[in-house]
Amino acid sequence: QVQLVESGGGLVQPGGSLRLSCESSGSIFGGSVMGWYRQAPGKERGLVASITWAGNTNYADSVKGRFTISRSYRKTSVYLQMNSLKPEDSAVYYCNVVQGGRDYWGQGTQVTVSS
């Protein structure tokens, strides 16, 4: 069983930065993919960024060049550096791990971009 805990959300002004962290407990295996998703009110949850065990990354077009996903040395934690934030980035951000054919989710952390 894998449990995920996100942190780092909050209120930031447009153009500002935030760094989200996701710490896992339980076993994270080789071949797993870790990622960040977000869901705004009235919208579906969608992928923001993902990173494989080998370090290959994938980003939503809307965040390319502004967000950077990374994984800890032991590959059990994942981070999302968010720069040049826009109001449309406001959402609940969820950490995700896919391994062994199963999806694991954190409880989410709120990011609000507003002046």
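Just so it is clear, the structure is predicted and the values come from calculations on it, not from any experiment.

Draft legend 1. Geometry of the sheet that holds strand β7 (residues 67-71). The four strands are arranged β1-β3-β8-β7 in an open sheet whose pairing can be described as antiparallel. Every other strand in the sheet has two partners, leaving β1 (3-7) and β7 as the edge strands with one partner each. The average angle at which neighbouring strand axes cross in this sheet is 15°, direction not considered. Looking at chain direction, β1 and strand β3 (residues 18-25) are connected through five bridges and run antiparallel. Across the sheet, glutamate 6 pairs through a bridge with cysteine 22, a residue of β3.

Draft legend 2. Seen up close, the pattern of salt bridges. Per the stated rule, a full pass over the model turns up three salt bridges. Close ionic contact of aspartate 89 with arginine 38 constitutes a salt bridge, the shortest N to O distance being 3.0 Å. Of this pair, aspartate 89 sits in the loop between β8 (77-82) and β9 (91-99) while arginine 38 sits in strand β4 (residues 33-39), and the two are 51 residues apart along the sequence. The pair aspartate 89 / arginine 38 is uniform in exposure class, with both members buried.

Draft legend 3. Representation of the environment of asparagine 56 within the structure. Within the fold, asparagine 56 resides in the loop between β5 (46-52) and β6 (57-59). Using a relative accessible area of 53% as the deciding quantity, one classes asparagine 56 as exposed. Note: C-alpha distance between asparagine 56 and valine 33 (23 residues apart in sequence) is 9.4 Å. Residues within four places of asparagine 56 in sequence aside, it is in contact with Ser50 and Ile51.

Draft legend 4. Quick peek at the nonpolar core. Formed by 29 residues in total, the largest nonpolar core has its most connected members in Trp36, Leu80, Met82 and Tyr93. Elements supplying a minimum of two residues to this core: β3, β4, β5, β7, β8, β9 and β11 (109-113). It is β9 that provides the largest number of residues to this core, a total of four residues. Beyond its immediate sequence surroundings of up to four residues, leucine 80 is in contact with Leu18, Arg19, Leu20, Trp36, Val48, Ala49, Phe67, Thr68, Ile69 and Tyr93.

Cut-off values and rules
- Residues numbered from 1 in each chain as written.
- Predicted model: local features only at pLDDT ≥ 70, side-chain atom pairs only at ≥ 80, totals over all residues.
- Heavy atoms only, no water.
- Pairing = 2+ DSSP bridges.
- Helix = DSSP H or I, 4+ residues; strand = E, 2+ residues; numbered from the N terminus.
- Axes fitted to C-alpha atoms, helices over the stretch in contact; angles between N-to-C directions.
- Salt bridge = Lys/Arg side-chain N within 4 Å of Asp/Glu carboxyl O.
- Buried < 20%, exposed > 50% of the residue type's maximum accessible area, 1.4 Å probe, protein only.
- Contact = heavy atoms within 4.5 Å.
- Core = buried A, V, L, I, M, F, W, Y, C linked by side-chain atoms within 4.5 Å.

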